[in-house]
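# Summary of structural features
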Amino acid sequence: MARPKIALIGSGQIGGTLAHLAAIKELGDVVLFDIAEGTPQGKALDIAESGPSEKFDAALTGTNDYADIAGADVCIVTAGVPRKPGMSRDDLLGINLKVMKSVGEGIAKHAPNAFVICITNPLDAMVWALREFSGLPHEKVVGMAGVLDSARFRHFLSLEFDVSMRDVTAFVLGGHGDTMVPLARYSTVGGIPLPDLVKMGWTTQEKLDAIIQRTRDGGAEIVGLLKTGSAFYAPATSAIEMAEAYLKDQKRLLPCAAWVDGAFGLKGMYVGVPTVIGAGGVERVVDIKLNKDEQAMFDKSVESVQGLVSACKEIDETLA
Ligand code: APR
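Residues numbered from 1 in each chain as written. Predicted model: local features only at pLDDT ≥ 70, side-chain atom pairs only at ≥ 80, totals over all residues.

## Some thoughts on the overall build of the protein
- Counting its regular elements, the protein contains eleven helices and 14 strands.
- Taking 2.2 N^0.38 as the reference for a compact globule, 320 residues should give roughly 20 Å; the C-alpha atoms of the protein span a radius of gyration of 19 Å, in line with that estimate.
- Dimensions of the protein, computed from the C-alpha atoms along their principal axes, are close to 55 × 50 × 40 Å.
- By the burial criterion, 49% of the 320 residues in the protein qualify as buried. (Helix = DSSP H or I, 4+ residues; strand = E, 2+ residues; numbered from the N terminus. Rg over C-alpha atoms; globule rule 2.2 N^0.38 Å. Buried ≥ 20, exposed ≤ 12 C-beta atoms within 10 Å, placed from the backbone.)

## A short note on the sheet that holds strand β10 (residues 188–189)
- Strands sit in the order β7-β10-β11 across an open sheet of three strands; the sheet is antiparallel. The strands lining the two open edges of the sheet, one partner per strand, are β7 (168–169) and β11 (192–193).
- Direction of pairing for β10 relative to β11: antiparallel, over a ladder of two bridges. Across the sheet, the residue bridging to V189 is I192, located in β11. (Pairing = 2+ DSSP bridges.)

## Quick word on the UniProt feature "binding site: substrate" (unreviewed entry) in the protein
- The sites that UniProt annotates as "binding site: substrate" (unreviewed entry) are R83, R89, N121 and R152.
- If we skip the residues at most four places from it in the chain, N121 touches R89, L92, N96 and M126.
- Turning to its location among the elements, R152 is positioned in helix α6 (residues 146–161).
- Looking at R152, the number of C-beta atoms within 10 Å reads 25, which means it is buried.
- Those residues within four positions of R152 in sequence are excluded, and the remaining contacts are T215 and G218. (UniProt positions renumbered as here; feature names shortened; annotations may be inferred. Contact = placed C-beta atoms within 7 Å.)

## With respect to the site of the ligand
- Taken together, 29 residues lie around the ligand, and G12, Q13, I14, A79 and N121 are the ones closest in.
- Looking at the shell around the ligand, the elements with two or more residues in it are α1 (13–24) and α4 (93–110).
- For the shell around the ligand, the element with the most residues is α4, which contributes four residues.
- Of the residues assigned to the shell around the ligand, the class counts are 13 nonpolar, 14 polar and two charged.
- Residues lining the shell around the ligand come from more than one domain, with at least three contributed by each of domain 1 (5–144) and domain 2 (146–313). (Near = placed C-beta within 6 Å. Nonpolar A, V, L, I, M, F, W, Y, C, P; charged D, E, K, R; others polar. Domains from an automatic or database assignment.)

Structure follows, in structure tokens:
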């Protein structure tokens, strides 16, 4: 059986890391695409040359021609510009919306059967626009945010409790921005929910609140340190986890920016929710019951995503 084909649209910091991870994990053959001439070709060759030491069987190629992504099983989109210090993800809207148009058209023409994972920010609006421009089925177009946001939450919690990250589960809902909703009630250490750990004296409510805020600001913390760009290792790893769930039909329960139509009382929009990812793409949106406070936070986040989608429609009338 031929290896799966993974097309990476955007070969910058995240794109290069995606290619390296996909090759090391032998998820398939990798095509790096970018508008910058030489960048995808150079990265493909560099990573291919790590193959003899790493001992992977995967072909890597770089291209500036969409025709080379033909028949891709998975497309991961990072094309666009990242944040600089002082910028919010929303500041990227105008520039990255135009990029989503060309990427959506390229995927529709050459890889219409792919499972598409969008990483470009502002995430929830860009994944919506990418789906609109590509016309692919909603269940095959998804945004990577929740896996990263919960990984950050899990990392901070494991530091606080001095336990393995493997035993910490975390649950983050809503848009990938300042209004994201880390849900303490559904986050656990070895199955024990965080509010119980507060009662058991493992931490205090104040410390937990600070960790939740650090999770919300997780992307900005890294932008502030790097100064010249945004996070790329953990975002790439998170998207690879989603791609693997699709390619291996793992039916993983992962928080993603998915099309929600009916669940959570929403009528057709992209926002971060728990999903099941398998061979069918987003096979299920897990509709959980929120309490009053959680619902209020989720509503605020939904409102902020809707604001960004409206802004997209104002910039590009074909989206209205
Ligand atoms: N088509 C294809 N590639 C493009 C296009 C386009 N129209 N416009 C820009 N690019 C490429 C750039 O040439 C660059 O190589 O996208 C790449 C982006 O890479 P980086 O600038 O290194 O950004 P990165 O850190 O990878 O982040 C990409 O993901 O997390 C988000 O906010 C982040 O929106 C940003 C995106």
